[in-house]
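Structure assessment
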Amino acid sequence: EAGVTQFPSHSVIEKGQTVTLRCDPISGHDNLYWYRRVMGKEIKFLLHFVKESKQDESGMPNNRFLAERTGGTYSTLKVQPAELEDSGVYFCASSQERGHYGYTFGSGTRLTVV
Amino acid sequence: AQSVTQPDIHITVSEGASLELRCNYSYGATPYLFWYVQSPGQGLQLLLKYFSGDTLVQGIKGFEAEFKRSQSSFNLRKPSVHWSDAAEYFCAVGLNSGGYQKVTFGTGTKLQVIP
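Here's a quick rundown of the structure. (Residues numbered from 1 in each chain as written. Chains lettered and ligands numbered in written order. Predicted model: local features only at pLDDT ≥ 70, side-chain atom pairs only at ≥ 80, totals over all residues. Heavy atoms only, no water.)

Helix and strand counts for chain B come out as zero helices and 12 strands. Helices and strands in chain B line up, N terminus first, as β-β-β-β-β-β-β-β-β-β-β-β. Out of the 115 residues in chain B, the part that is buried amounts to 45%. For chain B, long-range pairs separated by at least 24 residues make up 53% of all intrachain contacts whose partners lie at least 6 apart in sequence. Total accessible area on chain B stands at roughly 5400 Å², and carbon and sulfur atoms take up 49% of it. Of the charged side chains in chain B, 9 are positive and 8 negative; the average position of the first set lies 7 Å away from that of the second. (Helix = DSSP H or I, 4+ residues; strand = E, 2+ residues; numbered from the N terminus. Buried < 20%, exposed > 50% of the residue type's maximum accessible area, 1.4 Å probe, protein only. Contact = heavy atoms within 4.5 Å. Areas by Shrake-Rupley, 256 points an atom, 1.4 Å probe, with all protein chains shown as cover. Lys, Arg positive; Asp, Glu negative; His and termini not counted. Charge placed at Lys NZ, Arg CZ, Asp CG, Glu CD.)

Printed below as a string of structure tokens:
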């Protein structure tokens, strides 16, 4: 089966610009998660979708971040406007069902804001 | 709140030597425990996981981890390291949140393997 796919793999943008990251989960996986790793720090939870609904968005840093998952398939994470501290690696993961522990992660999007 | 501590930021071992990466967690009950690895340019790959039962868990690529409740630890081991094991390793704790899983990661340990 195809894994979790993330686009783009790298993005360099200027402060104040908008960037949209995309995640395609494994087909059939209802649960989709976004995580972020700021340089040198731990990988932190951002939010969790169950199908198209946001189950938990407690990790979203502020209202400059907007996540969507229309139709319960792929998800986008938009940062608008981007700030320097948004730089880091954004990971997406998916899992099949409620009781399934252990995600499948994508390879991440490295975002650099200059 | 739960937390995961990986005290070693960077470890260097010789190829063929044994390896132990340390992980301690802070939580009132026994959580679900994981080790992930990220090789350069790759995503996070699950090495192994512990939910219950036998406290010595076998994973992929010859790795194993031992859960020690008394020490709140879940250290990762490999008897003989290969050059391809050079990567960053993350210990993680999973807890039930509203019936779903929420995972907290440690800060990671970078492993360098020298000839």
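Structure shown, so let's carry the discussion forward.
This paragraph deals with the pattern of salt bridges. Residues and elements named next belong to chain A. In total, this model carries 12 salt bridges over all chains according to the counting rule given. Measuring nitrogen to oxygen at the nearest pair gives 3.9 Å for the salt bridge that ties Glu57 to Lys54. The class of Glu57 is partly exposed, set by a relative accessible area of 43%. As a salt-bridge pair, Arg64 and Glu85 come within 4.0 Å of each other at their nearest N and O atoms. Separated by 21 residues along the polypeptide, Arg64 in the loop between β6 (53–56) and β7 (65–68) and Glu85 in the loop between β8 (75–79) and β9 (88–95) bring together distant segments of the chain. The network of salt bridges with shared partners includes Arg36, Arg64, Glu85 and Asp86. (Salt bridge = Lys/Arg side-chain N within 4 Å of Asp/Glu carboxyl O.)

Residues and elements named next belong to chain B. Among the secondary structure elements, Lys49 is positioned in strand β6 (residues 44–50). The partly exposed category is assigned to Lys49, whose relative accessible area is 33%. Between the alpha carbons of Lys49 and Glu15 there is a distance of 25 Å; along the sequence they are 34 residues apart.

What follows is about the side chain of Arg69(A). All names here are of chain A. Here Arg69 shows up in the loop between β7 and β8. It is Asp30 that comes nearest to the buried, bridge-free Arg69 among opposite-charge side chains, at 5.8 Å. One polar contact links the side chain of Arg69 to the main-chain carbonyl oxygen of Thr73, over a distance of 2.7 Å. Contacts of Arg69, omitting those with residues within four sequence positions, involve Pro25, His29, Asp30, Asn31, Leu32, Phe49, Val50, Lys51, Glu52, Tyr74 and Ser75. (Polar contact = N/O pair within 3.5 Å; in protein donor to acceptor, adjacent residues only side chain to side chain.)

The next subject is the interface of chain A and chain B. On the side of chain B, 24 residues touch chain A, which itself brings 22 residues to the contact. Note on chain A versus chain B: buried area summed over both sides is about 2000 Å², and carbon and sulfur give 55% of it. Seen at the junction of chain A and chain B, the total is two salt bridges. Notably, a salt bridge pairs Asp56(A) with Lys102(B), separated by 3.2 Å at the nearest N-O pair. Inspection of the chain A/chain B interface yields six residue pairs in polar contact (both at pLDDT 80 or more). Put simply, the parts of the chain that give the side of chain A that touches chain B at least two residues each are β4 (31–37), β5 (43–50) and β6 of chain A. Tallied by class, residues from the side of chain A that touches chain B come to nine nonpolar, eight polar and five charged. (Buried area = accessible area lost by both parts, 1.4 Å probe. Nonpolar A, V, L, I, M, F, W, Y, C, P; charged D, E, K, R; others polar.)

Before going further, it helps to spend a moment on the side chain of Glu64(B). Residues and elements named next belong to chain B. Looking at the element boundaries, Glu64 is found in strand β8 (residues 64–68). Reaching out from Glu64, the side chain makes a polar contact with the side chain of Gln58 at a distance of 3.1 Å. Excluding residues within four positions of it along the chain, Glu64 makes contact with Leu48, Leu56, Val57, Gln58, Asn75, Leu76 and Arg77.

All names here are of chain A. Pairing within the open sheet is antiparallel, and its four strands lie in the order β1-β3-β8-β7. In this open sheet, the two strands that pair with only one neighbour each are β1 (5–7) and β7. Going across the sheet, the axis of each strand differs from the next one's by a mean of 15 degrees, ignoring polarity. In the sheet, β1 pairs with strand β3 (residues 19–24) via three bridges, with the strands oriented antiparallel. Each residue of the ladder has a partner; that of Phe7, found in β3, is Arg22. (Pairing = 2+ DSSP bridges. Axes fitted to C-alpha atoms, helices over the stretch in contact; angles between N-to-C directions.)

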